[in-house]
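The residues making up each chain are set out below.
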Amino acid sequence: MKAESFLPEDYRPAEDEPFMNERQLAYFRRKLLNWKSDLMDDSRDTIEGLQDGTRNIPDVTDRASEETDRALELRTRDRQRKLVSKIEAAIRRIDDGEFGYCEETGEPISLKRLDARPIATMSLEAQERHERREKVHRDD
């Protein structure tokens, strides 16, 4: 039986336990799967709302406002779709034994960072360097 079956609901990874042990991996897998499930539920609600919400609004201003709301909702869902693919990639990294380690340096990513952003692929320091380089090249 998998370790995640025995993972208490109130479990939080601690710095004093071995990095990316079975409990930590189960914790992050559960966190990622719950996040993905929430996003998928929101997506289904949006699709249903868009299908049900089609109606003829005679007032041009009201129609424009509704179309703007729909466009914003669709952009939000597109961002969430991209986020779902990042979540799936993080789950694959858990399966491959690569989760929690910086893709640039190979060093462990802090548990605090992973808890706040479980899709993180770089340590905070590597991410900051990456963003600084990106900013410099963008300003050229």
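Predicted model only: the values in this text are computed from it and were never measured.

(A) Region of the structure containing the layout of surface pockets. Space inside the largest pocket adds up to approximately 160 Å³. Around the largest pocket, the lining residues are Lys-86, Ala-89, Arg-93, Arg-113, Arg-117, Ile-119, Ala-120, Thr-121 and Gln-127. Residues that form the lining of the largest pocket fall into these classes: 3 nonpolar, 2 polar and 4 charged.

(B) Structural context of the environment of Glu-98. Looking at the secondary structure, you find Glu-98 in the loop between α2 (60–96) and α3 (111–116). For the pair Glu-98 and Pro-108, spaced 10 residues apart in the sequence, the C-alpha separation amounts to 9.9 Å.

(C) Quick look at unusual backbone geometry. Despite not being glycine, Met-20 has its phi angle at roughly 55 degrees, a positive value. Position of Met-20 among the secondary structure elements: in the segment before α1 (22–52). Since its relative accessible area comes to 10%, Met-20 is described here as buried.

(D) Looking closely at α2. Relative to the 54 Å expected for 37 residues at 1.5 Å per residue, α2 spans 54 Å between its end C-alpha atoms, a close match to the ideal helical length. Looking at the residues trailing α2, positive phi occurs at Gly-97, about 80 degrees.

(E) Region of interest: the environment of Glu-104. Inspection of the secondary structure puts Glu-104 in the loop between α2 and α3. Those residues in contact with Glu-104 that lie beyond four places of it in its chain are Met-122, Ala-126, Arg-129 and Arg-133.

(F) Highlighting the packing of aromatic side chains. One pass over the structure, following the stated rule, counts 4 aromatic pairs. Note on Tyr-11 and Tyr-27: the rings are 5.8 Å apart at their centroids and 70 degrees apart in plane angle, and the pair reads as edge-to-face. With a gap of 16 residues between them, Tyr-11 in the segment before α1 and Tyr-27 in helix α1 connect regions that are remote in the sequence. The pair Tyr-11 / Tyr-27 is uniform in exposure class, with both members buried. Here the aromatic rings of Phe-28 and Phe-99 are separated by 5.3 Å at their centres, their planes lie at 45 degrees, and the arrangement is tilted. Remark: Phe-99 occurs in the loop between α2 and α3 and Phe-28 occurs in helix α1; sequence separation between them is 71 residues. An aromatic cluster is defined as three or more aromatic residues linked by ring pairs; in this entry it consists of Tyr-11, Tyr-27, Phe-28 and Phe-99.

(G) Looking closely at the nonpolar core. Judged by nonpolar contacts, the single largest core of 24 residues is most densely connected at Met-20, Phe-28, Leu-32, Ile-87, Phe-99 and Leu-114. Of all the elements in the fold, those that place two or more residues in this core are α1, α2 and α3. Not counting residues within four places of it along the chain, the set of residues in contact with Ile-87 comprises Leu-32, Trp-35, Lys-36, Leu-39 and Ile-119.

(H) Structural detail: the pattern of salt bridges. In this structure the tally under the stated criterion is 11 salt bridges. With a closest N to O distance of 2.5 Å, Arg-44 and Asp-41 form a salt bridge. On the criterion of helical spacing, the pair formed by Arg-44 and Asp-41 is a turn pair, its members being 3 residues apart in helix α1. On the basis of relative accessible area, Arg-44 is assigned to the partly exposed category, the value being 44%. For Arg-70, the salt bridge identified is with Glu-66, shortest N-O distance 3.9 Å. A residue pair is termed a helical-turn pair when its members lie 3 or 4 positions apart in one helix, as Arg-70 and Glu-66 do in helix α2 at 4 residues. Salt bridges linked by common partners bring Asp-78, Arg-81 and Lys-82 together as one network.

Definitions and cut-offs
Residues numbered from 1 in each chain as written. Predicted model: local features only at pLDDT ≥ 70, side-chain atom pairs only at ≥ 80, totals over all residues. Heavy atoms only, no water. 1 Å grid on protein atoms, 1.4 Å probe; cavity = no way out; pocket = protein on both sides within 12 Å on 5 of 7 lines; lining within 4 Å. Points joined across faces, edges and corners; volume = space filled by probe spheres on them. Nonpolar A, V, L, I, M, F, W, Y, C, P; charged D, E, K, R; others polar. Helix = DSSP H or I, 4+ residues; strand = E, 2+ residues; numbered from the N terminus. Buried < 20%, exposed > 50% of the residue type's maximum accessible area, 1.4 Å probe, protein only. Expected span 1.5 Å × (residues − 1). Contact = heavy atoms within 4.5 Å. Phe/Tyr/Trp six-rings, centres within 6.5 Å; stacked < 30°, edge-to-face > 60°. Core = buried A, V, L, I, M, F, W, Y, C linked by side-chain atoms within 4.5 Å. Salt bridge = Lys/Arg side-chain N within 4 Å of Asp/Glu carboxyl O.

All quantities given are derived from atomic positions and should not be read as evidence of function.
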